[in-house]
Structure formats: structure tokens, C-alpha cells
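# Secondary and tertiary structure notes
Residues per chain, in single letters:
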Amino acid sequence: EQMGVAKIISSSSEGNAVVYNKNIMVDCGVSFKALQGVKDDLQLVLLTHKHSDHINLKTLQKLQDQRPSIRVACCEWMIEELPNIRNIDVLKIGKIYNYGKFKVSPFKLYHDVQNCGYRIFIENYKIFHATDTAHLEGISAKGYDLYAVEHNYDEDKALNAIKEAQEEGKYCHAVGSIETHLSWQQAREFINNNKKATSEILELHKSRSFY
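Values in this document were obtained by computation on a predicted structure and should not be read as measured data.

## Some words on the overall build of the protein
Assigned secondary structure in the protein consists of four helices and 13 strands. In summary, the protein has a C-alpha radius of gyration of 17 Å against a globular reference of 17 Å for 211 residues, a match within 12%. By its C-alpha atoms, the protein is 55 × 40 × 30 Å across when sized along the principal axes. For the protein, the residues scored as buried account for 53% of the 211 residues in total. Of the contacts made within the protein by residues no fewer than 6 positions apart, 55% connect residues no fewer than 24 positions apart. As presented, the protein carries roughly 10400 Å² of accessible surface, and 45% of it is formed by carbon and sulfur atoms.

## Observations regarding the sheet that holds strand S11 (residues 125-130)
The mixed open sheet is built from six strands, whose spatial order is S8-S9-S10-S11-S12-S13. Of all the strands in the sheet, just strand S8 (97-98) and strand S13 (200-204) have a single pairing partner and so form its edges. Alignment of strand S10 (residues 114-122) against S11, held across five bridges, turns out to be antiparallel. When the bridges of S11 are listed, Ile122 appears paired with Tyr125.

## As for the side chain of His135
Mapped onto the fold, His135 is located in the loop between S11 and strand S12 (146-150). Of the polar contacts made by the side chain of His135, one reaches the backbone nitrogen of Glu137; its length is 3.1 Å. When near neighbours in sequence (up to four residues on either side) are disregarded, His135 contacts Tyr110, Leu182 and Gln186.

## Some details on the environment of Val113
Relative to the elements of secondary structure, Val113 occurs in the loop between strand S9 (103-110) and S10. Counting along the chain gives 26 residues from Val113 to Asn87, while the straight-line C-alpha distance between them is 24 Å. When near neighbours in sequence (up to four residues on either side) are disregarded, Val113 contacts His49, Lys50 and His51.

Rules of the game
- Within every chain, residues take consecutive numbers counted from 1 along the sequence as written.
- Only residues with pLDDT of 70 or above have their local features reported here, since the model is predicted, and side-chain atom pairs are shown and tallied only from 80 upward, although totals for entire chains, interfaces and linings are computed over all residues.
- The side-chain numbers reported here are obtained from all heavy atoms of the structure, hydrogens and water having been left aside.
- Secondary structure counts use DSSP, requiring at least four H or I residues in a row for a helix and at least two E residues in a row for a strand, with both numbered from the N terminus.
- Two things to know: the radius of gyration comes from C-alpha atoms, and the globule rule equals 2.2 Å times the number of residues to the power 0.38.
- Under the scheme applied here, a residue whose accessible area is under 20% of the maximum for its type counts as buried, over 50% as exposed, and between as partly exposed, the area being computed with a 1.4 Å probe on protein chains only.
- Any two residues whose heavy atoms approach within 4.5 Å are treated as being in contact.
- Here the accessible surface of atoms and residues is derived via Shrake-Rupley with a 1.4 Å probe, and residues count as covered only by protein chains that are part of the display.
- Strand pairing requires that DSSP identify at least two bridges connecting the strands.
- Polar contacts, as counted here, are pairs of nitrogen or oxygen atoms within 3.5 Å of one another; within protein the pair requires one atom able to donate a hydrogen and one able to accept it, and residues that are adjacent in sequence qualify only if both atoms are side-chain atoms.

What follows is the structure, given as C-alpha cells:
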């Protein structure tokens, strides 16, 4: 799936990796084989959190073996998850980091482990990337060009599934979705409050069961 500057390698609970501008990849939760078409142009891998669908250490190690100049950037909570990884840049929430052809800035997200999203600035083009968060309260991204935001579940579908499961005395995975992920309704409300007329939307991390 492609949208001009963005290419989704994978965006689901099976694995996550999205490439922007051919040279920036957010998350690395896929097989090395999945990166065959994109790995030669990558300059920076941005990591968000430690869940295995967002970080595949073997893939990252292979990537660095083949492309020794690739840098890996993350917030401090990811450092201990990266044994044998070189060229790590530790980023602070809210600060902007200049990589020459582009700039990046992490912002805090709200998941069941420490997590962040990224603002990516490529010349005059602004990208807002956010997945695996219960909400986007207190976050603003006015007039961005691309909103790549989690549209994990439909609120009505999830609530109905929970109700049905409760009636049968069963646990429903939608409970976890609601507590740690963003519904498409929340995503669209955030985007509609921030977007401009020409903004594009990339729907990430859709649930197979509840979307």
C-alpha cells in the first residue's frame, strides 16, 4: 500500500513497518525478506516500543550487517531492547533532531508499555505517525500533510463483541483493544480537528476482528 511519500510494508498485529520518503522507516517488526524492496535506500529506522510486532531484532541486525551506515533512533526505554545494535541515537520527547535531508521529533503515546509516535519533517512536508495508543489527548498536529494514524477498531463493533462475550461468560480481546489502541472514530476526530484541505490520511493498524 502506497501513498506518495509513504509505503506500508506491514501494519497489523502480525508486524509493523512503514517507510517514508524511501529513507526513513518507522518500526521494524517484520521479516528481513519483507524489506527486500526498500532496504537499500534506508538511512534511519525509528523505533516506538518493545512489542514484537514493532521490533524484530534479527531483522534489524541483518539490516545493519548489510547496511552498516543505517542509524537507529529511539527513546531511552528502547535501549535495553537493542543488544548488538550500533549507531543508536537516543531521542527525547518533544525535541527536534536534524538529519540533514529531514528532521524527526518523538511525542509521547499511551499504550500498555512506554511508547512514542513521530513527527517527521521533509523540507516543507509534515508527517504525523501514531499507532498503539489509547488516546491522542493533549497532542496537536495542525496543518500536517500526512496523518498516518492507527484506526484499530470500530467502537460499536468492539462494544458489541464485549457485550456478547460477557453474556457467554467469556473474555473478549476487544477489551484490550479499547484500553490500548485507537478507534477509527478517535483517529478521525483528531485528524478532522487538525488537518488542512489537502491533508492525506493513512489508516494504520486495523484490527481484523473489530474494524
